[in-house]
Amino acid sequence: MMSSKPNRRRQQRLNFPPEVEARLVFGYPFPGGHRCVMPLRDLSPGGMAFTLNLDLPGLDIGQSIEQAELIVGDKRVRGDILVMHLTPGPFTGAVCGSLFFPLEDEDIVTYQSLVASLEPASTR
């Protein structure tokens, strides 16, 4: 059952330059299900938001999406996702906010580098 939670985000959302393609790829139902490619809306040091471009029945707050791949330009980061909100629900056009947990050390380094490259120069 879907529930609504207040936004607790304390980290700045970082947007992608218009010329950079940013997407999230995962299997649903996961892992290993139908290949889903969702456009990323923004990124932060702890997670991301993406737009559902198809219905994902059964996706709910608190659910994990395992073995996902974040692709931003030529950078790829593997990891798991924890769904924090679905607005309004698991339907086409909804926004999914999530925490991101990079898989291995190499993924952590790449993710941190990606976040740093998107931060405004005044905060570096």
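Residues numbered from 1 in each chain as written. Predicted model: local features only at pLDDT ≥ 70, side-chain atom pairs only at ≥ 80, totals over all residues. Heavy atoms only, no water.

1. Quick word on the confidence of the model for the protein
Segments scoring low in pLDDT should not have their predicted coordinates read at a detailed level. Put simply, the test is: By definition, pLDDT measures how confident the predictor is in each residue, and it falls between 0 and 100. Contacts: residue pairs with any heavy atoms within 4.5 Å of one another.
In this model, the protein carries a mean pLDDT of 87, and residues with pLDDT of at least 70 account for 85%. pLDDT under 50 marks residues 1–7. Its contacts with residues more than four places away, or in other chains, come to 11 contacts.

2. A closer look at the packing of aromatic side chains
For any pair of aromatic rings, the description consists of the separation of the ring centres together with the inter-plane angle of the planes. Test applied: Stacked, tilted and edge-to-face are the three classes assigned to paired rings of Phe, Tyr and Trp, where Trp is represented by its six-membered ring and a pair needs centres within 6.5 Å; plane angles under 30 degrees give stacked, over 60 edge-to-face, the rest tilted. Each helix is a run of DSSP H or I of at least 4 residues and each strand a run of E of at least 2, with the numbering of both proceeding from the N terminus. Using a 1.4 Å probe on the protein chains alone, a residue whose accessible area is under 20% of its type maximum counts as buried, one over 50% counts as exposed, and one in between counts as partly exposed.
A complete count under the given rule lists two aromatic pairs for this structure. Residues F100 and Y111 carry aromatic rings whose centres are separated by 5.0 Å and whose planes lie at 35° to one another, so their mutual orientation is tilted. Note that F100 is positioned in strand β6 (residues 95–102) and Y111 in helix α1 (residues 105–118), a separation of 11 residues in sequence. A relative accessible area of 5% places F100 in the buried class.

3. Focus: the environment of L82
Tracing the chain through its elements places L82 in strand β5 (residues 75–87). On the accessibility criterion, L82 (23% relative accessible area) is partly exposed. Each C-alpha atom, one on L82 and one on G47, is 8.8 Å from the other, the two residues being 35 residues apart in sequence. Setting aside residues up to four positions removed in sequence, L82 forms contacts with G62, Q63, S64, G97, S98, L99 and F101.

4. What about the nonpolar core?
Generally speaking, nonpolar side chains in soluble globular proteins are found buried as a group. Selection criterion: Here the nonpolar core consists of buried residues drawn from Ala, Val, Leu, Ile, Met, Phe, Trp, Tyr and Cys, with membership extended through side-chain atoms lying within 4.5 Å.
Core analysis: the biggest nonpolar cluster contains 30 residues, and F26, L40, L43, F50 and L70 have the highest contact counts within it. Those elements that place two or more of their residues in this core are β1 (22–28), β2 (34–43), β3 (47–51), β4 (64–72), β5, β6 and α1. Contacts of L70, omitting those with residues within four sequence positions, involve R23, L24, L40, L43, M48, K75, R76, V77, F100, Y111 and L114.

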